[in-house]
Amino acid sequence: VVSGFVQEFQDFVTAFERCPKPVICAVHGSCIGGGLNLITACDVRFCSSKAVFSLREVRVGLAADVGGLQRLPKVVGCDSWVRDLALTGRDFGAEEALRFGLVQEVLQTHEEVEDKALKLAQAIAANSPLAVEATKANLNFSRDHSIADGLQ
């Protein structure tokens, strides 16, 4: 029963990554555990200055197993920082998330975060849908493969 639930949750999170349309994430407030796992599957991430993040599973006796441990190192590119977060379960704020590349930009209010995400969505939507979908697919493939494989 538990493994079935975990697999369903893994599939749920992965659906954001596999969605052919770009997924833009706007975080305000707490983004803990499953929330952090979920945003690592999004294409672009913004947050407010009040955002707090944590891979808290280890603090409650769980192993994060819905994709965050697999995606976060690829998103931020700093294995040591990811290990710090995963092994301590500590909280970290918006500026640290920005410094390590988890988010693209920190804005002051949740209204500014929502406005930024909406403007980006509108800019993306102004482009060819086929080109946007192909670009996302190519970026996702290239992230997990060599340059030579990506050029095939």
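Structure: above.
Residues numbered from 1 in each chain as written. Predicted model: local features only at pLDDT ≥ 70, side-chain atom pairs only at ≥ 80, totals over all residues. Heavy atoms only, no water.

Draft legend 1. Seen up close, the overall build of the protein chain. From N to C terminus, the protein chain includes eight helices and six strands. Ordering the α and β elements of the protein chain from the N terminus gives α-β-β-α-β-β-α-α-β-α-β-α-α-α. Here the protein chain has a C-alpha radius of gyration of 16 Å; the compact-globule value for 152 residues is 15 Å, and the two agree. Judged by the C-alpha coordinates and their principal axes, the protein chain covers about 45 × 35 × 30 Å. (Helix = DSSP H or I, 4+ residues; strand = E, 2+ residues; numbered from the N terminus. Rg over C-alpha atoms; globule rule 2.2 N^0.38 Å.)

Draft legend 2. Fine view of the layout of surface pockets. Reported here for the largest pocket is a volume of approximately 340 Å³. Forming the boundary of the largest pocket are 15 residues, of which E17, T40, V75, N140 and R143 lie nearest the centre. Of the residues forming the lining of the largest pocket, the biggest block, four residues, is contributed by helix 3 (residues 68-76). Tallied by class, the residues present in the lining of the largest pocket amount to four nonpolar, four polar and seven charged. (1 Å grid on protein atoms, 1.4 Å probe; cavity = no way out; pocket = protein on both sides within 12 Å on 5 of 7 lines; lining within 4 Å. Points joined across faces, edges and corners; volume = space filled by probe spheres on them. Nonpolar A, V, L, I, M, F, W, Y, C, P; charged D, E, K, R; others polar.)

Draft legend 3. Representation of the packing of helix 3 against helix 4 (residues 79-88) within the structure. Relative orientation of the contacting elements helix 3 and helix 4 amounts to 145 degrees, with a least axis distance of 9 Å. Note on packing geometry: the crossing formed by helix 3 with helix 4 is right-handed. For the pair formed by helix 3 and helix 4, the contact residues are L69, L72, P73 and V76 on the first element and W81, V82, L85 and A86 on the second. When grouped by side-chain class, the residues that make up the contact of helix 3 with helix 4 number eight nonpolar, no polar and no charged. (Axes fitted to C-alpha atoms, helices over the stretch in contact; angles between N-to-C directions. Left-handed = near helix turned anticlockwise from the far one by under 90°. Contact = heavy atoms within 4.5 Å.)

Draft legend 4. Local environment of the pairing of strand 3 (residues 44-48). Most of strand 3 is tucked away: five of the five residues are buried. Side-chain alternation along strand 3 places V44, F46 and S48 on one buried face and R45 and C47 on a second face that is also buried. Direction of pairing for strand 1 (residues 24-27) relative to strand 3: parallel, over a ladder of four bridges. Bridge pairing links V27 to C47 in strand 3. Two strands pair when backbone bridges link them, and strand 3 and strand 6 (residues 105-107) are joined in this way by three bridges, in the parallel orientation. Within strand 6, the residue paired with C47 across the bridge is V106. (Buried < 20%, exposed > 50% of the residue type's maximum accessible area, 1.4 Å probe, protein only. Pairing = 2+ DSSP bridges.)

Draft legend 5. Layout of the pattern of salt bridges. For the structure shown, the criterion picks out 13 salt bridges. The residue D43 makes a salt bridge to K136 at a minimum N-O spacing of 2.8 Å. Of this pair, D43 sits in the loop between helix 2 (34-39) and strand 3 while K136 sits in helix 7 (residues 129-143), and the two are 93 residues apart along the sequence. According to the relative accessible area criterion, D43 is partly exposed, its value standing at 29%. Taking the shortest distance from any N to any O, the salt bridge between D79 and R83 comes out at 2.5 Å. Here the residue D79 and the residue R83 both occupy positions in helix 4, the gap between them amounting to four residues, near one helical turn. (Salt bridge = Lys/Arg side-chain N within 4 Å of Asp/Glu carboxyl O.)

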